[in-house]
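# Examining the three-dimensional arrangement
Here is how the chains run, residue by residue.
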Amino acid sequence: MNRISRPFLDKFVVVFIDDILIYSKTQDEHAEHLKSVLGVLTEKKLYVKLSKCEFSMDEVQFLEHVISAQGIAVDPAKVEAVVKWESPKSIT
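It should be emphasised that the depicted structure is a prediction, and the values quoted were computed from it without experimental measurement.

Criteria and thresholds
- Residues numbered from 1 in each chain as written.
- Predicted model: local features only at pLDDT ≥ 70, side-chain atom pairs only at ≥ 80, totals over all residues.
- Heavy atoms only, no water.
- Helix = DSSP H or I, 4+ residues; strand = E, 2+ residues; numbered from the N terminus.
- Rg over C-alpha atoms; globule rule 2.2 N^0.38 Å.
- Areas by Shrake-Rupley, 256 points an atom, 1.4 Å probe, with all protein chains shown as cover.
- Buried < 20%, exposed > 50% of the residue type's maximum accessible area, 1.4 Å probe, protein only.
- Polar contact = N/O pair within 3.5 Å; in protein donor to acceptor, adjacent residues only side chain to side chain.
- Contact = heavy atoms within 4.5 Å.
- Phe/Tyr/Trp six-rings, centres within 6.5 Å; stacked < 30°, edge-to-face > 60°.
- Core = buried A, V, L, I, M, F, W, Y, C linked by side-chain atoms within 4.5 Å.
- pLDDT = per-residue confidence, 0-100.
- Patch = residues over 30% accessible without salt bridge, like charges linked within 9 Å, V, L, I, M, F, W, Y side chains within 5 Å.
- Salt bridge = Lys/Arg side-chain N within 4 Å of Asp/Glu carboxyl O.

Take the overall build of the protein next. In terms of helices and strands, the protein carries 3 helices and 5 strands. Moving toward the C terminus, one meets the helices and strands of the protein in the order α-β-β-α-β-β-β-α. Against the compact-globule benchmark of 12 Å for 92 residues, the protein has a radius of gyration of 18 Å, which places it well outside the compact range. By element, 56% of the accessible surface of the protein is carried by carbon and sulfur atoms, the whole surface being about 7900 Å².

Turning our eyes to something else, we now look at the side chain of His33. Tracing the chain through its elements places His33 in helix H2 (residues 27–43). Judged by relative accessible area, which is 13%, His33 ranks as buried. A polar side-chain atom of His33 sits 3.4 Å from the main-chain carbonyl oxygen of Tyr23. Look past the residues within four positions of His33 in its chain and what remains in contact with it is Phe12, Ile22, Tyr23 and Ser24.

Here we come to the packing of aromatic side chains. This structure, assessed with the given rule, holds 1 aromatic pair. Seen in terms of ring centroids, Phe8 and Phe12 are 5.1 Å apart; in terms of plane orientation they differ by 35 degrees. Their pairing is tilted. You'll find Phe8 and Phe12 in the same group, each marked buried.

Core analysis: the largest hydrophobic core is formed by 9 residues, namely Phe8, Phe12, Val13, Val15, Ile22, Leu34, Val37, Val40 and Leu41. Where this core is concerned, the elements lending two or more residues are strand S1 (13–16) and H2. Per-element tally for this core: the top contributor is H2, with 4 residues. Beyond its immediate stretch of four places on either side in the chain, Leu41 contacts Met1, Ile20, Leu46 and Val48.

When the pLDDT values of the protein are averaged, the result is 89; 100% of them are 70 or greater. Per-residue pLDDT, averaged within each element of the protein, yields its smallest value for helix H3 (residues 76–83) (84) and its largest for H2 (93).

On to a nonpolar patch on the surface. Residues Phe16, Ile17 and Leu63 make up a contiguous nonpolar surface patch of about 300 Å² in total accessible area. Residue position: Leu63 is located in the loop between strand S3 (59–62) and strand S4 (65–68).

Moving on, we get to unusual backbone geometry. Backbone geometry at Leu63 places phi at a positive 55 degrees, although glycine is not the residue there. In the Ramachandran plot, Glu64 falls in the positive-phi region, its phi being about 65 degrees despite a non-glycine side chain. Relative to the helices and strands, Glu64 resides in the loop between S3 and S4. A relative accessible area of 47% places Glu64 in the partly exposed class.

Structure, rendered in structure tokens:
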């Protein structure tokens, strides 16, 4: 996926194994970015499963982080799980 997405990486695409995150500043820009990425995938005979896709999201959870226009933050559910850990009861 990194090889196929190389022209777009760190410009408007992040890839992790088979997950692709496309980010843009405007809806029009996003439509162009989406068209470019889907075009390359089709050209390489790779297809997305529509039921696993989410489009034009203002906020997205990706790799245990929440990404939005305000920036990148750790997923609050993950922080809560760590905070709720019980203290060790023995040395071992």
